[in-house]
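Here is how the chains run, residue by residue.
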Amino acid sequence: MSALVQLERHVTRLRGCADCPQMIGPVVTGNPVLSPVMLIGQAPGVKEGPMGRPFAWTAGKTLFGWFAGLGMPEDEFRNRVYMAAVCRCFPGKAAAGGDRVPAPDEVARCNRHLVAEAKILRPKLVIPVGKLAIAQLVTADKLTEVVGIPRRATLGGVELDMIALPHPSGASTWHRTEPGKTLLVRALAMIAEHPAWRSIMPSDHVPTAVAP
Ligand code: SF4
């Protein structure tokens, strides 16, 4: 069976998953794109389910703005990068406000989907977005230990390059203040130079700036 058929079957199965009683469906995941580049988000927010795609709202605007600066507009990104997440369902709101952080058992349950994707895609470059996604690949106490620093990592037994990004949430100031601002620019420049990223770049798009 070809990798594309495996991936399409995987995504179909994934969309039917309802294993976490506290999670709110529908399952949100990206297109079944056979890509050497995988992006891992945290979990969808309240808007992503109804809109049917990851990073569909305000955080997505910031995230896709970063990639547009590398010459990859949002629609091209969605068709050229496999978009995964630590959890694929909306966790609901936290009592203290904001979205609930997925519980460890939910992260563990959803991890099998990530592992299956890594085994099918065998990505050369993984871009985890935010602390929870980074934690699926490496151990780090602070974002300053990983953002803007090239790392090798393993996912589902597959060795790959990891270039971590901060979460683009408007609630976070990390990427808008130093040293986060500089480290983000460095991480985006590293992505732009990575051979796997270069191999999926649309030929008719030219980077405008390596800056958030
Ligand atoms: S969070 Fe993941 S494991 Fe849990 S129901 Fe959604 S898709 Fe399934």
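Residues numbered from 1 in each chain as written. Predicted model: local features only at pLDDT ≥ 70, side-chain atom pairs only at ≥ 80, totals over all residues. Heavy atoms only, no water.

Caption draft 1: Highlighting the packing of aromatic side chains. What the rule picks out here adds up to 4 aromatic pairs. What links up through ring pairs into an aromatic cluster is the set F64, F67, F77 and W197. A cation over a ring is seen here: K47 above W57, with NZ or CZ 4.5 Å from the ring centre. (Phe/Tyr/Trp six-rings, centres within 6.5 Å; stacked < 30°, edge-to-face > 60°. Lys NZ or Arg CZ within 6 Å of the ring centre and 35° of its normal.)

Caption draft 2: Focus on the layout of surface pockets. Estimates place the volume of the largest pocket at around 710 Å³. Lining the largest pocket are 31 residues; nearest its centre among them are A43, G45, A59, D99 and H167. Those elements that provide at least two residues to the lining of the largest pocket are α3 (58-68) and β2 (82-85). Counted by class, the lining of the largest pocket contains 14 nonpolar, 11 polar and 6 charged residues. Approximately 190 Å³ is the volume attributed to the second largest pocket. C17, A18, D19, V27 and C89 are the residues nearest the centre of the second largest pocket, which is lined by 18 residues in total. Broken down by secondary-structure element, the contributors of at least two residues to the lining of the second largest pocket are α1 (3-15) and α5 (104-121). For the lining of the second largest pocket, the leading source of residues is α5, giving 5 residues. Residue classes in the lining of the second largest pocket are distributed as 10 nonpolar, 2 polar and 6 charged. (1 Å grid on protein atoms, 1.4 Å probe; cavity = no way out; pocket = protein on both sides within 12 Å on 5 of 7 lines; lining within 4 Å. Points joined across faces, edges and corners; volume = space filled by probe spheres on them. Helix = DSSP H or I, 4+ residues; strand = E, 2+ residues; numbered from the N terminus. Nonpolar A, V, L, I, M, F, W, Y, C, P; charged D, E, K, R; others polar.)

Caption draft 3: Molecular detail of helix α7 (residues 180-193). Taking 1.5 Å per residue, 14 residues should reach 20 Å; α7 reaches 20 Å between its end C-alpha atoms and fits that length. Within α7 the residues assigned to the buried category are G180, L183, L184, A187, L188, M190, I191 and A192. Each element contacted by the buried residues of α7 is listed here: α3, β3 (125-128) and α8 (195-200). (Expected span 1.5 Å × (residues − 1). Buried < 20%, exposed > 50% of the residue type's maximum accessible area, 1.4 Å probe, protein only. Contact = heavy atoms within 4.5 Å.)

Caption draft 4: Expanded view of the nonpolar core. Grouped together as the largest cluster of nonpolar side chains are 64 residues, with contacts concentrated most on L39, F67, L165 and W197. At 7 residues, α7 tops the list of elements feeding residues into this core. Apart from the residues lying within four places of it in its own chain, the contact partners of F67 are L39, M72, F77, I127, L165, I191 and W197. (Core = buried A, V, L, I, M, F, W, Y, C linked by side-chain atoms within 4.5 Å.)

Caption draft 5: Spotlight on the sheet that holds β3. One open sheet accounts for 5 strands, arranged β2-β1-β3-β5-β4; its pairing is mixed. Every interior strand has two partners, whereas the edge strands, β2 and β4 (151-155), have only one. Strand-to-strand twist in this sheet, taken as the mean axis angle between neighbours without regard to direction, amounts to 35°. Across 4 bridges, the pairing between strand β1 (residues 37-41) and β3 is parallel. From the neighbouring strand, I40 faces β3, where its bridge partner is P128. (Pairing = 2+ DSSP bridges. Axes fitted to C-alpha atoms, helices over the stretch in contact; angles between N-to-C directions.)

Caption draft 6: Molecular detail of the pattern of salt bridges. Counted by the stated rule, this structure contains 10 salt bridges. A salt bridge links R152 to D161; its shortest N-O distance comes to 2.8 Å. Counted as one network, the salt bridges with shared partners bring together R152, E159 and D161. (Salt bridge = Lys/Arg side-chain N within 4 Å of Asp/Glu carboxyl O.)

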